[in-house]
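Observations on the model geometry
Read off the chains here:
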Amino acid sequence: MKSLPSRTEEIELHLLLEAIYLRYHHDFRGYSVASLKRRLTQARQHFGCETFSQLQDRVLRDEGMVSRLLPYLTVQVSEMFRDPSYFRALREKVIPHLRTYPSLKVWIAGCSQGEELYSMVILFREEGLENRTIFYATDINSTALAAAEAGVYDLDRIALFTANHQKSGGKGSLSDHFTTGYGRAVIDKSLRQRVVFSDHSLASDAVFAEAHLVSCRNVLIYFTRPLQDRAVGLFQDSLVRRGFLGLGSKESLRFSEHAGDFEEFDRKERIYQRSADR
Amino acid sequence: MIAEESINESAVVIGASVGAIGALSAILPALPAGYPLPVLVVVHIPPDRDTGLPALFAARCALPVKEAEDKEPVRPGTIYFAPPNYHLLVEPDFTFALSVDDPVMYSRPALDVLFESAADAYGNGLCGVVLTGASADGARGLRAVAAAGGRALVQTPETAEGEIMPRAALDACPLARALDLGDIARELIQLPSST
């Protein structure tokens with residue numbers, strides 16, 4: 001049984017999310033409570049507020065506050081070629097299908113600081129498809145989007161990126177795609193040329209592009225089931241017939257109301273294909 | 001009106017690091033068939049290794065054992081392991097959430113993340129257990145369990161392969177009881193009838 005202070009805190013948390021939505025139209029109301037509460041607790045401590053109600057008060061009255069709060073609300077950290085076997089499966093199983101199209105659109109939803117996006121662009125370049133593909137990189141957090149567009153990463157992360165790239169069946173060296181200096185690695189500018197960066201919320205925005213592949217990994221785990229259903233519905237509507245959807249290694253359409261609209265293409269790697277008959 | 005407390009609002013959370021398999025082997029197989037509480041387990045595992053803990057323990061336990069899945073309801077009488085490289089949390093509606101948030105004290109999954117969220121969900125229906133390990137992960141989490149009115153148990157440091165984790169938990173959580181593995185198992189077996 002929960003204590004009264006715990007219930008009160010839950011109410012305050014919901015009121016804070018409602019305030020952020022009503023005042024700034026950022027919709028976090030459908031996010032999983034446990035993860036959000038953990039990150040907002042860190043934010044509350046950082047901003048020196050005793051309660052979520054005090055944080056709410058500051059968010060409502062201080063215009064600049066919400067942009068300082070956003071980094072706590074959205075997950076910032078990813079890796080290039082995270083879960084290398086996913087990218088290997090894309091390379092070996094999905095790319096052969098994509099080769100049959102004269103032009104391609106790929107949507108990386110929740111791109112954070114660009115790690116997943118550039119993994120995808122590099123993969124398509126290595127497979128000779130980059131020149132006929134447009135990549136859409138979206139995130140709810142415009143600061144993360146700006147970081148993604150800049151494509152600058154701490155040098156100490158590159159070793160892991162390189163190991164991941166090799167395991168994913170990478171051709172050539174990952175370092176070919178970076179310039180290094182001053183403790184940082186900067187992504188090759190040409191990798192951005194076919195990318196469109198766009199502010200987009202899976203919680204409130206509409207269908208985006210007519211994509212042959214949507215990759216949205218480790219984003220749905222932060223959503224409640226109704227919000228997951230909304231997002232998957234968006235992906236379904238955004239995909240061409242027989243288009244592909246890639247999810248995170250612990251995500252699944254099993255509980256989704258849209259499960260019947262997709263076929264499992266690679267169960268282990270959580271790659272789905274939109275059914276032909278819809 | 002406060003809702004009648006039900007069996008669904010009680011659980012056990014267990015965390016371990018170095019020496020985990022030995023310690024858990026003294027506890028999980030001891031839980032009898034028909035044990036009513038869910039048991040949620042976090043073990044520190046290197047990110048790229050899937051040690052197959054659920055399969056290992058499924059072969060030795062009377063209870064069903066599985067890896068926790070995102071959005072899955074927490075079921076009574078089942079042992080759940082956090083997946084490698086994902087934090088495991090419990091939602092207020094007693095379903096699981098997974099997270100790729102930053103490691104806590106270099107670990108993902110972290111005891112603190114599971115214990116704190118489970119304390120929020122279960123309140124005084126929770127029993128937290130910190131076993132052998134080599135970091136201070138779990139100390140803050142166990143304190144949250146005790147603060148919510150739950151029970152806090154710690155493996156006696158002298159019997160732990162890794163002393164640091166139990167010592168940190170005892171330091172952070174004066175209400176915790178230090179027990180050897182056999183006594184922890186007995187305590188957990190008696191737990192459902194003592195709440």
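Given the structure is predicted, the values throughout are model-derived calculations rather than measurements. Residue numbers restart at each chain and count upward from 1, following the sequence in its written direction. A letter from A marks each chain and a number from 1 marks each ligand, given out in the order of writing. Under the rules for a predicted model, residues below a pLDDT of 70 receive no local features and side-chain atom pairs below 80 are neither given nor counted, while totals for whole chains, interfaces and linings still include all residues. Side-chain calculation: all heavy atoms of the structure are included, whereas hydrogens and water are not.

So, on to the overall build of chain B. By the criteria applied, helices consist of DSSP H or I runs no shorter than four residues and strands consist of E runs no shorter than two, each listed in order from the N terminus. Assigned secondary structure in chain B consists of six helices and nine strands. Atoms counted for the radius of gyration: C-alpha only. Globule rule: 2.2 Å times residue count to the power 0.38. A compact globule built from 195 residues would reach a C-alpha radius of gyration of about 16 Å, and chain B, at 15 Å, matches this within 12%. For the C-alpha atoms alone, the extent of chain B along its principal axes is close to 45 × 35 × 30 Å. By residue count, 61% of the 195 residues in chain B fall in the buried class. For chain B, the proportion of contacts with a sequence separation of at least 24, taken over those separated by at least 6, is 69%. Exposure was quantified through the Shrake-Rupley algorithm and a 1.4 Å probe, taking into account, for residues, occlusion by the shown protein chains and nothing else. Surface exposure of chain B reaches about 7300 Å², of which carbon and sulfur atoms provide 54%. Considering chain B, the positive charge centre built from 12 side chains and the negative charge centre built from 24 side chains are found 3 Å apart. Only protein chains enter the area calculation, which uses a 1.4 Å probe; residues under 20% of their type maximum are buried, those over 50% are exposed, and those in between are partly exposed. Every residue pair with non-hydrogen atoms within 4.5 Å of one another is taken to be in contact. Residues scored as charged are limited to Lys and Arg (positive) and Asp and Glu (negative), so that His and the chain ends carry no count. Note on charges: their place is set at NZ of Lys, CZ of Arg, CG of Asp or CD of Glu.

The subject of this paragraph is the pattern of salt bridges. When a carboxyl oxygen of Asp or Glu is within 4 Å of a side-chain nitrogen of Lys or Arg, the pair counts as a salt bridge. One pass over the structure, following the stated rule, counts 35 salt bridges over all chains. Across the pair R38 of chain A and E116 of chain B runs a salt bridge, and its minimum N-O distance is 2.8 Å. Of this pair, R38 of chain A sits in helix 2 (residues 33-46) while E116 of chain B sits in helix 3 (residues 111-122), each in a different chain. E116 of chain B shares its class with R38 of chain A; the two are buried. K71 of chain B is paired through a salt bridge with D70 of chain B; the nearest N and O atoms lie 3.0 Å apart. Overall, D70 of chain B belongs to the buried group, its relative accessible area being 7%. Here the salt bridges do not stand alone but share partners, grouping R91, R99, E126, E127 and K171 of chain A into one network.

Quick look at the sheet that holds strand 9 (residues 177-179) of chain B now. All names here are of chain B. What makes two strands pair is DSSP finding at least two bridges between them. The strand order across the open sheet formed by seven strands is 3-4-2-1-7-8-9, and the pairing between neighbours is parallel. Only two strands of the sheet have a single partner each, and these edge strands are strand 3 (65-67) and strand 9. The sheet shows a mean angle of 25° between the axes of neighbouring strands, direction not considered. As paired elements, strand 7 (residues 126-130) and strand 8 (residues 151-155) share four bridges and run parallel to each other. Bridge assignment links C127 to a residue of strand 8, and that residue is R151. Packing against the sheet, helix 5 (residues 164-172) makes contact with strand 1 (11-16), strand 7, strand 8 and strand 9, and its axis sits at approximately 145° to strand 8. Lines fitted to the C-alpha atoms define the axes, with helices restricted to the stretch that makes contact. Angles between their N-to-C directions range from 0 to 180 degrees. Contacting strand 1, strand 7, strand 8 and strand 9, helix 6 (residues 181-194) runs over the sheet at an angle of about 165° to strand 8.

The rule for a disulfide is simple: a pair of cysteine sulfur atoms within 2.5 Å. Within this structure, the stated rule accounts for zero disulfides over all chains. Not part of a disulfide, C127 of chain B finds its nearest cysteine sulfur in C173 of chain B, a span of 11 Å.

Another point: the domain arrangement of chain A. Residues and elements named next belong to chain A. Boundary definitions for the domains trace back to an automatic or database domain assignment. With domains assigned, chain A is organised as domain 1 (4-73) and domain 2 (84-274). With centres defined by C-alpha atoms, the gap from domain 1 to domain 2 works out at 29 Å. On the domain 2 side, the residues contacting the nine residues of domain 1 number eight residues. Joining two parts hides part of their accessible area as seen by a 1.4 Å probe, and the buried area is that hidden amount summed over both. With both chains or domains summed, domain 1 and domain 2 bury close to 840 Å², and 57% of this area falls on carbon and sulfur atoms. Considering only the surface of domain 1 that becomes buried against domain 2, D27, G30 and Y31 emerge as the three largest contributors, covering 47% of it. Between domain 1 and domain 2 we count zero salt bridges in total.

Now for helix 6 (residues 115-126) of chain A. Residue and element names in this part refer to chain A. Helix span, expected: 1.5 Å multiplied by one less than the number of residues in the helix. Its 12 residues give helix 6 an end-to-end C-alpha distance of 16 Å, which sits within 8% of 16 Å, the value for a rise of 1.5 Å per residue. For helix 6, a buried count of 11 out of 12 residues is recorded, marking the element as mostly surrounded by other parts of the structure. Regarding helix 6, the residues found buried are E115, E116, L117, Y118, S119, M120, V121, I122, L123, F124 and E126. Phi turns positive, to about 75°, at G128, one or two residues after helix 6.

Residues and elements named next belong to chain A. Side chains A185 and I187 of strand 5 (residues 184-187) all project onto a buried face; the interleaved residues R184 and V186 project onto a face where none is buried. Sheet topology places strand 3 (residues 152-154) next to strand 5; three bridges connect them, and they run antiparallel. Residue D154 lies in a different strand from strand 5, and its bridge partner there is R184. Direction of pairing for strand 4 (residues 178-181) relative to strand 5: antiparallel, over a ladder of four bridges. Bridging across to strand 5, T180 finds its partner in A185. Between strand 4 and the antiparallel strand that follows it, strand 5, lie two residues; Y182 among them carries a positive phi value of about 55°.

All names here are of chain A. Checked against the element boundaries, V214 lands in strand 7 (residues 211-216). With 190 residues separating them in the primary sequence, V214 and Y24 have C-alpha atoms 28 Å apart. Excluding its chain neighbours within four sequence positions, the residues that come into contact with V214 are W107, F235, L239, F244, L245 and G246.

Residue and element names in this part refer to chain A. With five of six residues buried, strand 1 (residues 104-109) is to be regarded as a mostly interior element. Across six bridges, strand 1 lies against strand 2 (residues 133-139) in parallel orientation. Residue I108 lies in a different strand from strand 2, and its bridge partner there is A137. Crossover handedness is defined here as right-handed if the route from the first strand over the helix to the second strand goes clockwise, with the strands pointing away from the viewer. In this view, the connection linking strand 1 to its parallel neighbour strand 2 by way of helix 6 has right-handed handedness. Judged from the three bridges that link them, strand 1 and strand 7 form a sheet pairing that is parallel. Its bridge partner being in strand 7, I108 is matched across the sheet by S215.

Turning our eyes to something else, we now look at the nonpolar core. By nonpolar core is meant a set of buried Ala, Val, Leu, Ile, Met, Phe, Trp, Tyr and Cys residues that side-chain atoms within 4.5 Å join together. In this structure, L40, L202 and F235 of chain A are the most contacted members of the largest nonpolar core, which totals 82 residues. Considering each element in turn, this core owes the most residues, seven residues, to helix 3 of chain B. Taken domain by domain, this core gets at least three of its residues from each of domain 1 (4-73) and domain 2 (84-274) of chain A. Excluding anything up to four places from it in sequence, L40 of chain A contacts L13, L16, L17, F52, L55, L69 and L73 of chain A. Listed in part, the 38 residues of the second largest apolar core include L98, L117, I158 and L191 of chain A.

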